[in-house]
Amino acid sequence: MANTSLLQVRTSTEDKEKASEILEKLGTNLSAVVNMMLKQIILTEGIPFEVKINHQAYSKAETVKEVETTMAFEGMDLTEEDLKMLYAYKNGQMSGDELRQQILNEIR
């Protein structure tokens, strides 16, 4: 490769292995993702993701309301089935991973 430089980063073996497994499933690798991030830093002249102190997660009820509001703003009304899934999540009857999987199964 012409005009390249070696970049070394220290991280835990566990984090590297977990990230590598996920990236492999996505069809990429750590080196490619680090290069993507560097390009985004250059393009945005900043860190390409939000960095916060004392980040407070939404409650499940707030998450459901956020999804409803965002979808309505985009002109995409939620179906009765969509709302049932969101409320099942809110009420602890379905995990976030289960909800995500059900949505992915519907769009495939």
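As a reminder, the structure under discussion sits directly above these lines.
What comes next concerns the included structure. Bear in mind the structure is a predicted one, so any value in this text is a computation, not a measurement.

## Observations regarding the layout of surface pockets
Consideration 1: Roughly 640 Å³ of volume is contained in the largest pocket.
Consideration 2: If you trace the largest pocket, you find 18 residues lining it, with L7, V9, L30, S31 and V34 closest to the centre.
Consideration 3: Within the residue set of the lining of the largest pocket, elements represented by two or more residues are helix 1 (13-25) and helix 2 (30-44).
Consideration 4: It is helix 2 that provides the largest number of residues to the lining of the largest pocket, a total of five residues.
Consideration 5: Class assignment of the residues belonging to the lining of the largest pocket gives a composition of eight nonpolar, seven polar and three charged.
Consideration 6: Roughly 330 Å³ of volume is contained in the second largest pocket.
Consideration 7: Contributing to the lining of the second largest pocket are 15 residues, with V67, L86, L99, R100 and I103 lying nearest its centre.

## Thoughts on a nonpolar patch on the surface
Consideration 1: Judged by side-chain polarity, L7, V9, V34, M37, L38, I41, I47, F49 and V51 come together as a nonpolar surface patch covering roughly 820 Å² of accessible area.
Consideration 2: Mapped onto the elements of the fold, V51 is located in the loop between helix 2 and helix 3 (60-73).

## What about the packing of helix 3 against helix 4 (residues 80-90)?
Consideration 1: Where helix 3 meets helix 4, the closest approach of the two axes is 8 Å, and the angle between their N-to-C directions is 160°. The orientation of helix 3 relative to helix 4 falls into the category roughly antiparallel. Relative to helix 4, the crossing made by helix 3 is right-handed. Judged by residue contacts, K60, A61, T63, V64, V67 and E68 of helix 3 engage L83, L86, Y87, Y89 and K90 from helix 4.
Consideration 2: By residue class, the composition of the contact of helix 3 with helix 4 is seven nonpolar, one polar and three charged.

## Focus: helix 2
Consideration 1: For helix 2, spanning 15 residues, the distance from its first C-alpha to its last is 21 Å, which sits close to the expected 21 Å at 1.5 Å a residue.
Consideration 2: Sitting at the head of helix 2, N29 places a side-chain oxygen 3.1 Å from the backbone nitrogen of S31.
Consideration 3: With its phi angle positive at about 55°, E45 sits one or two positions after the end of helix 2.

## Examining the nonpolar core
Consideration 1: One finds V64, M85, L86, A88, Y89, M94 and L99 forming the largest nonpolar core, which totals seven residues.
Consideration 2: Of the residues forming this core, the biggest block, four residues, is contributed by helix 4.
Consideration 3: The residues touching L99, leaving out its near neighbours within four places in the chain, are M85, L86, Y89 and M94.

## What about the pattern of salt bridges?
Consideration 1: Applying the stated criterion across every chain, the model contains two salt bridges.
Consideration 2: When the shortest N-O distance is used, the salt bridge between E14 and K18 registers 2.8 Å. On the criterion of helical spacing, the pair formed by E14 and K18 is a turn pair, its members being four residues apart in helix 1.
Consideration 3: Judged by relative accessible area, which is 48%, E14 ranks as partly exposed.
Consideration 4: A residue is classified by how much of its surface remains accessible, and K18, at 47% relative accessible area, is partly exposed.
Consideration 5: The residue R100 makes a salt bridge to D97 at a minimum N-O spacing of 2.7 Å. Highlighted residues: R100 and D97, both in helix 5 (residues 96-107), separated by three residues, approximately one helical turn.

Analysis parameters
- Per chain, residue numbering runs from 1 following the sequence as it is written.
- Residue-level local features of this predicted model are given only where pLDDT is at least 70; pairs of side-chain atoms are given and counted only at 80 or more, and the full residue set underlies all totals for whole chains, interfaces and linings.
- To get the side-chain values, take all heavy atoms of the structure and skip hydrogens and water.
- With a 1 Å grid laid over protein atoms only, a set of points is called a cavity when a 1.4 Å probe fits there but cannot get out and a pocket when it is open yet has protein on both sides within 12 Å along at least five of seven lines; lining residues have an atom within 4 Å of a point.
- Grid points are joined across faces, edges and corners, and a volume is the space filled by probe spheres set on the points.
- Strands are runs of DSSP state E lasting at least two residues, helices are runs of H or I lasting at least four, and both sets are numbered from the N terminus onward.
- All amino acids are sorted into three groups, where Ala, Val, Leu, Ile, Met, Phe, Trp, Tyr, Cys and Pro are nonpolar, Asp, Glu, Lys and Arg are charged, and the leftover types, Gly among them, are polar.
- Exposure above 30% relative accessible area and no salt bridge define the residues that can form patches, which grow by joining like charges within 9 Å and nonpolar side chains of Val, Leu, Ile, Met, Phe, Trp and Tyr within 5 Å.
- To measure how exposed things are, a 1.4 Å probe is used in the Shrake-Rupley method; for residues, cover is taken only from the protein chains shown.
- One side-chain nitrogen of Lys or Arg within 4 Å of one carboxyl oxygen of Asp or Glu is enough to make a salt bridge.
- Axis angles are defined between N-to-C directions and span 0 to 180 degrees, where every axis is a line fitted to C-alpha atoms and, for a helix, only to the segment in contact.
- Should an angle lie under 35 degrees it is considered roughly parallel, over 145 roughly antiparallel, and from 65 to 115 roughly perpendicular; all remaining angles are considered oblique.
- By definition, turning the near helix anticlockwise from the far helix through less than a right angle yields a left-handed crossing, and turning it clockwise yields a right-handed one.
- Here, two residues are considered to be in contact whenever any of their heavy atoms come within 4.5 Å of each other.
- Given a helix with a known number of residues, its expected span is that number minus one, times 1.5 Å.
- The term polar contact refers here to a pair of N or O atoms within 3.5 Å; inside protein, the definition further demands a hydrogen-donor-capable atom paired with an acceptor-capable atom, and it admits residues adjacent in sequence only when both atoms are side-chain atoms.
- Definition of nonpolar core: a set of buried residues of the types Ala, Val, Leu, Ile, Met, Phe, Trp, Tyr and Cys, connected through side-chain atoms within 4.5 Å.
- Exposure is judged per residue with a 1.4 Å probe applied to protein chains only, and the accessible area is read against the type maximum: over 50% gives exposed, under 20% gives buried, and values in between give partly exposed.

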